[in-house]
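Letter by letter, the chains look like this.
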Amino acid sequence: MAAPIDDMFSRCVDPGKISNCVEVRFIDNVKGKGLFAKRPFKKGDTIFTEQPLVSSQFLWNALYKYRACEYCLHALETAEENARRLSGLPGLSLPHPELCKVRPDRHQACPQCPVMYCSAECRQAAWEQYHKVLCLGPSHDDPDHPINKLQDAWRSVHYPPETSSIMLMARMVATIKQAQDKGRWQRLFSNFCSCTANEEEEIVHKLLGEKFQGQLALLRNLFTTALQDDHLSQWFTPEGFRSLFSLIGTNGQGIGTSSLSQWVHACDALELSGQQREHLDAFIDQLYKDIDKETGDFLNCEGSGLFLLQSSCNHSCVPNAEASFPDNNNLLHLSALSDISPGEEICISYLDCCQRDRSRHSRHKILRENYLFICSCQKCMSQMNDADMTSEDEEEVEGEGETEGDDMEDEMTDV
């Protein structure tokens, strides 16, 4: 049973106001539902802000010392600590340290285990929603604890760059196990599409094919051992686990938080003399060069979350809205990329900027394998007669060869 429309706004900041600005409509049996404007939005307007039902930091990201609040993903490093680690310069000092909004004096650990939170409020919220079930207590570092074995198995089959986490599934289960009103939470989670295949188009999620059956069976067995619950028996069957796996893969919204990025934005807003601005900009440019040399592209605390209203946004290769996380936590801001008229559908892109610049055939390949649909947006329709070559094929034709890492396409690294 799908969630009632009222539920769709329940995690928004000021849900009553948002329900007067946008609406969720059923479109057709192919696209399902979509989000539509009820009033005009100007380019740059915030359409809504929304908290996730659940969110989780990626496991490799956490292992590599990207420290984030276990509840809201707020970065726990100060901007200066973050810059020192990413640049490999332990003596680095940032100018204007007062612009950093991280407050280490407010950080709190779970009393039972080493899990860290950015505040007492987040610690309490996690405990009341799911952490009672997932807290490992003194077994936190025990490699034989079922949850630790589950996390290790996930890391062994899902290498960086990460796109989801088995712990998102674990928190869904733990939330329902702890909830007094289990039916409400089951109803909320039932809103998300969990199809494992699009039979009409003969598309199967790329990680649910035959070559990954052994890995899926291992994950399901460990998941069952760690979290089995009679109220959720359907999620622990082979087909139910596949559906849950597909749910987080097709609906999980990537989240990135960074105290350094927030500090840089605050620096950009400073009123400085010309010479001071030039000096500060040169410092930041050099810092990013040092970070690129030491760390590469992995700058943020990264994770994913399930957002009710945002999940109703369909994809377009030319989106008119985008999600961002400017508060350095998991609060999603959906903003207009262009003017949007009343009655117009609000679409985001399921592809990143680089993927959107690839050929129509390449875009369709990514969307088919990860989201189980064939895009028919205006851009794709205008390129219908283009050659059916992936961007890699086009590069080979031009003599550039395959991009590094193509041999890894068969690895279980995307959900």
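Residues numbered from 1 in each chain as written. Predicted model: local features only at pLDDT ≥ 70, side-chain atom pairs only at ≥ 80, totals over all residues. Heavy atoms only, no water.

**Details of empty space enclosed by the protein**
This is how it is decided: Points on a 1 Å grid, built from protein atoms alone, make a cavity when a 1.4 Å probe fits but cannot get out and make a pocket when they are open with protein on both sides within 12 Å along at least 5 of 7 lines; residues with an atom within 4 Å of a point are the lining residues. Grid points are joined across faces, edges and corners, and a volume is the space filled by probe spheres set on the points.
The full count for this structure, using the stated rule, is one cavity of 30 Å³ or more. Counted as a void, the largest cavity has a volume near 30 Å³.

**Brief notes about the sheet that holds strand S3 (residues 46-50)**
Convention followed: Here, strands pair whenever DSSP counts at least two bridges between them. By definition, any uninterrupted DSSP run of H or I lasting at least four residues is a helix, any uninterrupted run of E lasting at least two residues is a strand, and each is numbered from the N terminus. The angle between two axes is taken between their N-to-C directions and runs from 0 to 180 degrees, where each axis is a line fitted to C-alpha atoms and a helix contributes only its stretch in contact.
Here three strands make up an open sheet; going across it, the order is S3-S13-S12 and the pairing antiparallel. The sheet is open, and its two edges are formed by S3 and strand S12 (321-324), each paired on a single side. Direction aside, the axes of adjacent strands within the sheet are offset by 20° on average. Taken together, the four bridges between S12 and strand S13 (residues 332-336) define a ladder with antiparallel strand orientation. Opposite Ser 324, over in S13, you have His 333 as the bridge partner.

**As for helix H11 (residues 259-268)**
Where we set the bar: Remark: exposure states derive from per-residue accessible area (1.4 Å probe, protein chains only) relative to the maximum for the residue type, with buried under 20%, exposed over 50%, and partly exposed in between. Two residues qualify as a contact provided that any one of their heavy atoms is within 4.5 Å of a heavy atom in the partner residue. Definition of a polar contact: a pair of N or O atoms within 3.5 Å, with one able to donate and the other able to accept a hydrogen when the atoms are protein atoms, and with sequence-neighbouring residues admitted only if both atoms are side-chain atoms.
Among the residues of H11, Ser 259, Leu 260, Gln 262, Trp 263, Val 264 and Cys 267 are the ones counted as buried. Contact partners of the buried residues in H11: helix H4 (79-87), strand S9 (253-257) and helix H12 (274-294). Sitting at the amino-terminal end of H11 is Ser 258, which places a side-chain oxygen 3.3 Å from the backbone nitrogen of Leu 260.

**Notes on unusual backbone geometry**
Cis geometry marks the peptide bond from Pro 160 to Pro 161, where omega comes out at 0°. By the element assignment, Pro 161 lies in the loop between helix H6 (146-157) and helix H7 (166-178). The phi dihedral of Lys 65 falls on the positive side, at around 70°, and the residue is not glycine. Summarising the element assignment, Lys 65 is placed in the loop between helix H3 (59-63) and H4. In this structure, His 96 is a non-glycine residue whose phi angle is positive, near 50°. Mapped onto the fold, His 96 is located in the loop between H4 and strand S5 (108-109). Look at His 96 and you get partly exposed, because its relative accessible area is 27%.

**Thoughts on the nonpolar core**
To keep things clear, this is the line we draw: The set of buried Ala, Val, Leu, Ile, Met, Phe, Trp, Tyr and Cys residues whose side-chain atoms join them within 4.5 Å is what this entry labels a nonpolar core.
In terms of nonpolar packing, the biggest core is built from 76 residues, with Val 22, Ile 47, Phe 189, Phe 223, Leu 309 and Leu 334 touching the most fellow members. If you tally residues by element for this core, the top one is H7, at nine residues. Contact partners of Phe 189, with chain neighbours within four places excluded, come to Leu 53, Val 54, Met 172, Ile 176, Trp 235, Leu 247 and Leu 306.

**A word on the pairing of strand S10 (residues 301-306)**
Across the six residues of S10, five count as buried, placing the element largely inside the fold. Here strand S4 (residues 54-57) runs beside S10; their pairing, made up of four bridges, is antiparallel. Note on S10: the bridge partner recorded for Ser 56 is Ser 304. Relative to S10, S9 is paired through five bridges, and the arrangement is antiparallel. Residue pairing across strands places Gln 253 opposite Gly 305, the latter belonging to S10.

**Some details on the packing of H4 against H11**
Selection rule: Crossing handedness is defined as follows: a turn of the near helix away from the far one that is anticlockwise and smaller than a right angle gives a left-handed crossing, while the clockwise case is right-handed.
Between H4 and H11, whose axes approach to 8 Å, the crossing angle comes to 115°. The two elements H4 and H11 meet at a crossing, and its hand is left-handed. Residues Ala 79, Asn 82, Ala 83 and Leu 86 of H4 form the contact with H11, whose own contacting residues are Ser 259, Leu 260 and Trp 263.

**Comments concerning the pattern of salt bridges**
Put simply, the rule is: By convention in these notes, a salt bridge is any Lys or Arg side-chain nitrogen within 4 Å of a carboxyl oxygen on Asp or Glu.
Enumeration over the complete set of coordinates arrives at ten salt bridges. One salt bridge connects Arg 25 with Glu 23, and the closest N-O pair in it is separated by 3.1 Å. Between Arg 84 and Glu 80 there is a salt bridge; the shortest N-O distance is 3.2 Å. Highlighted residues: Arg 84 and Glu 80, both in helix H4, separated by four residues, approximately one helical turn. Taking the relative accessible area as the measure of exposure, Arg 84 reaches 29% and is therefore partly exposed.

**Side note on the sheet that holds S10**
The three strands are arranged S4-S10-S9 in an open sheet whose pairing can be described as antiparallel. Only two strands of the sheet have a single neighbouring strand rather than two, namely S4 and S9. With strand direction ignored, the average angle separating the axes of adjacent strands in the sheet is 30°.

**With respect to the packing of H7 against helix H8 (residues 182-189)**
The condition that has to hold: Roughly parallel means an angle under 35 degrees; roughly antiparallel means over 145; roughly perpendicular covers 65 to 115; every other angle is labelled oblique.
The contact between H7 and H8 brings their axes to 8 Å, and the two run at 155°. On the basis of the axis angle, H7 is roughly antiparallel to H8. Of the two possible hands of crossing, H7 and H8 adopt the one that is right-handed. Contacts between H7 and H8 pair Met 172, Thr 175, Ile 176, Lys 177 and Gln 178 from the former with Lys 182, Trp 185, Gln 186 and Phe 189 from the latter.

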